[in-house]
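Report on the structure
Given next are the chains, with one letter for each unit.
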Amino acid sequence: QVQLVESGGGLVQPGGSLRLSCAASGSILRINAMGWHRQAPGKQRELVAVIRKLDGTIYADSVKGRFTISRDNTKNTVYLQMNSLKPEDSAVYYCNADGAATWDTPFGSWGQGTQVTVSS
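Before going into details, it helps to say that this report is about the structure given with it. (Residues numbered from 1 in each chain as written. Predicted model: local features only at pLDDT ≥ 70, side-chain atom pairs only at ≥ 80, totals over all residues. Heavy atoms only, no water.)

1. A few points about the pairing of strand S8 (residues 77-82)
The side chains of a regular strand alternate between both faces of the sheet. Using the following cut-off: For the exposure calls, accessible area comes from a 1.4 Å probe over protein chains only, and a residue counts as buried if that area is under 20% of its type's maximum, exposed if over 50%, partly exposed in between. Only DSSP runs of H or I reaching four residues or more are called helices, and only runs of E reaching two or more are called strands; each is numbered from the N terminus. What makes two strands pair is DSSP finding at least two bridges between them.
Within S8, five of the six residues are buried, which leaves the element mostly enclosed by the surrounding structure. Note: strand S3 (residues 18-26) against S8, six bridges, orientation antiparallel. Each residue of the ladder has a partner; that of Ser 21, found in S8, is Tyr 79. Here six bridges tie strand S7 (residues 67-72) to S8, and the two strands are oriented antiparallel to one another. For Ser 70, the partnering residue across the bridge sits in S8 and is Tyr 79. Linkage of S7 to S8, two consecutive antiparallel strands, is achieved through a turn of four residues, within which Asn 76 is found at a positive phi near 50°.

2. Things to note about the sheet that holds strand S1 (residues 2-7)
Rules: Axis definition: a line fitted to C-alpha atoms, limited for helices to the stretch in contact. Angles are taken between N-to-C directions and run from 0 to 180 degrees.
Spatial strand order, S1-S3-S8-S7: four strands in an open sheet with antiparallel pairing. The open sheet has two edge strands with one neighbour each: S1 and S7. For this sheet, the mean inter-axis angle between neighbouring strands, taken without regard to orientation, is 15°.

3. Re the state of the cysteines
Put simply, the test is: To count as a disulfide, a pair of cysteine sulfur atoms needs to be within 2.5 Å.
Under the definition given, this model contains one disulfide. A disulfide bridge connects Cys 22 with Cys 95, and the sulfur atoms are separated by 2.0 Å. Linking Cys 22 and Cys 95, the disulfide has an S-S dihedral of approximately -80° and is accordingly described as left-handed. With a gap of 73 residues between them, Cys 22 in strand S3 and Cys 95 in strand S9 (residues 91-102) connect regions that are remote in the sequence. Cys 22 gets classed as buried once you look at its relative accessible area, which sits at 0%. Look at Cys 95 and you get buried, because its relative accessible area is 0%.

4. Quick notes on the packing of aromatic side chains
The condition is simple: We call Phe, Tyr and Trp rings a pair once their centres come within 6.5 Å, taking the six-membered ring for Trp, and we label the pair stacked below 30 degrees between planes, edge-to-face above 60, and tilted otherwise. By the criterion adopted, a ring carries a charge over it if an Arg CZ or a Lys NZ lies within 6 Å of its centre and within 35 degrees of its normal.
The full count for this structure, using the stated rule, is zero aromatic pairs. Directly above the ring of Tyr 79 sits Arg 19, whose terminal nitrogen or CZ lies 4.1 Å from the centroid.

5. Thoughts on the pairing of S9
The buried fraction of S9 is high, at nine of 12 residues. One ladder, built from nine bridges, connects strand S4 (residues 30-39) with S9; its direction is antiparallel. The residue bridging Trp 36 from the neighbouring strand is Cys 95, located in S9. Here three bridges tie S9 to strand S11 (residues 114-118), and the two strands are oriented antiparallel to one another. In the sheet register, Ala 91 faces S11, and the bridge partner there is Val 116. Pairing analysis gives six bridges linking S9 to strand S10 (residues 105-110), with the strands arranged antiparallel. Looking at S10, one finds that Ala 97 is bridged to Ser 109.

These figures capture arrangement, not role.
Here it is, written out as structure tokens:
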């Protein structure tokens, strides 16, 4: 199994910044994609940003120019730098990853989520 552990959430004022981290551990042969989704109360989970091996990085329109996703392949870790935060960015942020655990065993995993609250 592949486990994802997130950290870095919290309370921040509008206009502030936070950096989320997500580390993958377990049986990992290859990671094809790592990224972040978020879910606000009463809303569906939505993609925030993802790094894909085949086609690079993708961002939701609502975060373009404010959020930056990056990845450290040596640590199987993905980061989300969030700047100019707005109250509407408040949500539980979930890390996810997919790839291969062994040559014939794919995996797809989600983290437990970390709360981000943007409020004055």
